[in-house]
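The primary structure of each chain is shown beneath.
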Amino acid sequence: MSRIHRIERGSVTSVPGFLAAGVTAGFKRSGAPDFALIFSETPANFAGVFTSCKFAAAPVRYDRDLVLHQPKLQAAIINSGNANACTGEAGLRAARRSAEIAGRALGISPDLVAVASTGRIGVQMPMELIGRGVELAVQTLSRDGGEKAAQAIMTTDTVPKAAAVGIEVGGKRVTIGAMTKGAGMIDPKLVGPHATMLCFIATDAKIGNDALQTMLECNAEKSFNRITVDGDMSTNDTVMILANGKSGVEIRPGSEDEALFQEALLALMQDLARRMVGDGEGSTKLVTIEVVGAKTEADAKKAAEAVANSLLCKTAWFGNDPNWGRVVAALGYSGAEFDPERCDVFFGGIPVVLSGGDAGTEEADLLATVKAPEFTIRCDFHDGDCSYWVWSSDISYEYVKINADYHT
């Protein structure tokens, strides 16, 4: 029996002590919800990982500083429709001012407020909309507002993405809930504070900031950093976790309880990461790329990511074309070190390449595999014990249409 229990219709507000809201502030011309607020009833320990893009947005720069210098966090505001990226010092002032507006409305210090944005790049933040969003969100904060908050952070997403899990620790229940958004410009490389995707996670466990940071960085490497829709990294990628300790359960570093908590957190993050790929702009397929038998993990990663991001592979998947030639081409130019004459490739467990050459499988025998909404391409280098996997999507006509017409 699994030690991790999925909570039906879970969200950030499945976690005791957390409230949320999702409202329409006016960032989107469509009139759809576009402003979210997450609030912990008590100051929480926290951690964050962020985009490694050099053009990191102002909210990312602001939140990185919080992670480095602030001991607690109590709220996060997220707007959808304006990225506040490439906006210079004015953008940074807008991020700070946003935290001040939210802090004053909530009756807390602005240093306890994180700020996140998603949307168009290069447009200054309309502060009157921030003010309106904060006012409306504070008025509608509730213990069942997690789903509305998840809706409010969507851009080209077609469905909101929220989930929660529970575990038993010392006879007490610990809950972890989260929401995420992202359907395009998805190829995160999240790093610590030394994602466009956004993810906010809440838990009622008591955990120190350093332990949270270590777990978040480790789990991001096995979840959000393993997904790609179009190979483009955003200026705004952000993943943050808040732990308010409401359960009374302390997770001690190095304990079995910590291992269980990290396992549950990873399950939640991987669930949401998969949903992001499944909801990729115009996508019809979720394809797992596995590279095994590599000499080093670095080689396996290069090879898997090359296949996962190949436009020729992605368009073939959309067209239900079992074109393994595109896969081996991507492996070959990936920069990975391997002997092509020892390489095997499998589509859904069916061999298409053996020892670097055609396995003789008829294309008709592969059609059922590549027509499925999910399938796996496995590449075995027979050169070591290292491996790597990536979740990818196909590229369709609709993807081109969405991004040709994109204007939030």
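Preceding this paragraph is the structure being described.
In what follows, the accompanying structure is described. (Residues numbered from 1 in each chain as written. Predicted model: local features only at pLDDT ≥ 70, side-chain atom pairs only at ≥ 80, totals over all residues. Heavy atoms only, no water.)

### Here we look at the layout of surface pockets
Rules: Points on a 1 Å grid over protein atoms alone make up a cavity when a 1.4 Å probe fits among them but cannot get out, and a pocket when they form an open set with protein on both sides within 12 Å along at least five of seven lines; lining residues each have an atom within 4 Å of a point. Grid points are joined across faces, edges and corners, and a volume is the space filled by probe spheres set on the points. Strands here are runs of E lasting at least two residues and helices are runs of H or I lasting at least four, both read from the DSSP assignment and numbered beginning at the N terminus. Classification convention: Asp, Glu, Lys, Arg as charged; Ala, Val, Leu, Ile, Met, Phe, Trp, Tyr, Cys, Pro as nonpolar; all other residues, Gly among them, as polar.
Here the second largest pocket defines a volume of roughly 200 Å³. Lining of the second largest pocket is provided by Arg-61, Tyr-62, Asp-65, Leu-66, His-69, Gln-70, Leu-92, Arg-96, Glu-100, Pro-110 and Asp-111. Elements that contribute at least two residues to the lining of the second largest pocket include exactly helix H1 (58-69) and helix H2 (88-106). The greatest single-element share of the lining of the second largest pocket, amounting to five residues, is contributed by H1. Of the residues belonging to the lining of the second largest pocket, the class tally is four nonpolar, two polar and five charged.

### A word on the pattern of salt bridges
To keep things clear, this is the line we draw: Here, a salt bridge means any side-chain nitrogen of Lys or Arg that lies within 4 Å of a carboxyl oxygen of Asp or Glu. Under the scheme applied here, a residue whose accessible area is under 20% of the maximum for its type counts as buried, over 50% as exposed, and between as partly exposed, the area being computed with a 1.4 Å probe on protein chains only.
Within this structure, the stated rule accounts for 15 salt bridges. Residue Arg-3 is joined to Glu-263 by a salt bridge in which the shortest nitrogen-to-oxygen separation is 2.8 Å. Taking relative accessible area as the criterion, Glu-263 reaches 39% and is therefore assigned partly exposed. Note that Lys-246 and Glu-41 form a salt bridge whose closest N and O atoms lie 3.5 Å from each other.

### Considerations on the sheet that holds strand S14 (residues 357-358)
Condition: For two strands to pair, DSSP has to find at least two bridges joining them. Here, two residues are considered to be in contact whenever any of their heavy atoms come within 4.5 Å of each other. All axes here are fitted lines through C-alpha atoms, helices being fitted over the stretch that makes contact, and every angle between N-to-C directions spans 0 to 180 degrees.
As summarised here, the arrangement of the seven strands in space is S9-S16-S11-S15-S12-S13-S14, forming an open sheet in which the pairing is mixed. The open sheet terminates on both sides in strands that have one partner only, identified here as strand S9 (227-228) and S14. Judged from the three bridges that link them, strand S12 (residues 344-347) and strand S13 (residues 350-354) form a sheet pairing that is antiparallel. When the bridges of S13 are listed, Phe-346 appears paired with Pro-351. Where helix H8 (residues 311-318) meets the sheet, it contacts S9, strand S11 (286-294), strand S15 (374-380) and strand S16 (386-393), and its direction lies at approximately 60 degrees from that of S16.

### Section: the environment of Leu-266
By the element assignment, Leu-266 lies in helix H6 (residues 256-278). Separated by 63 residues in sequence, Leu-266 and Thr-203 have C-alpha atoms that sit 13 Å apart. Sequence-distant contacts of Leu-266, that is, excluding residues within four places in its chain, are made with Asn-219 and Lys-222.

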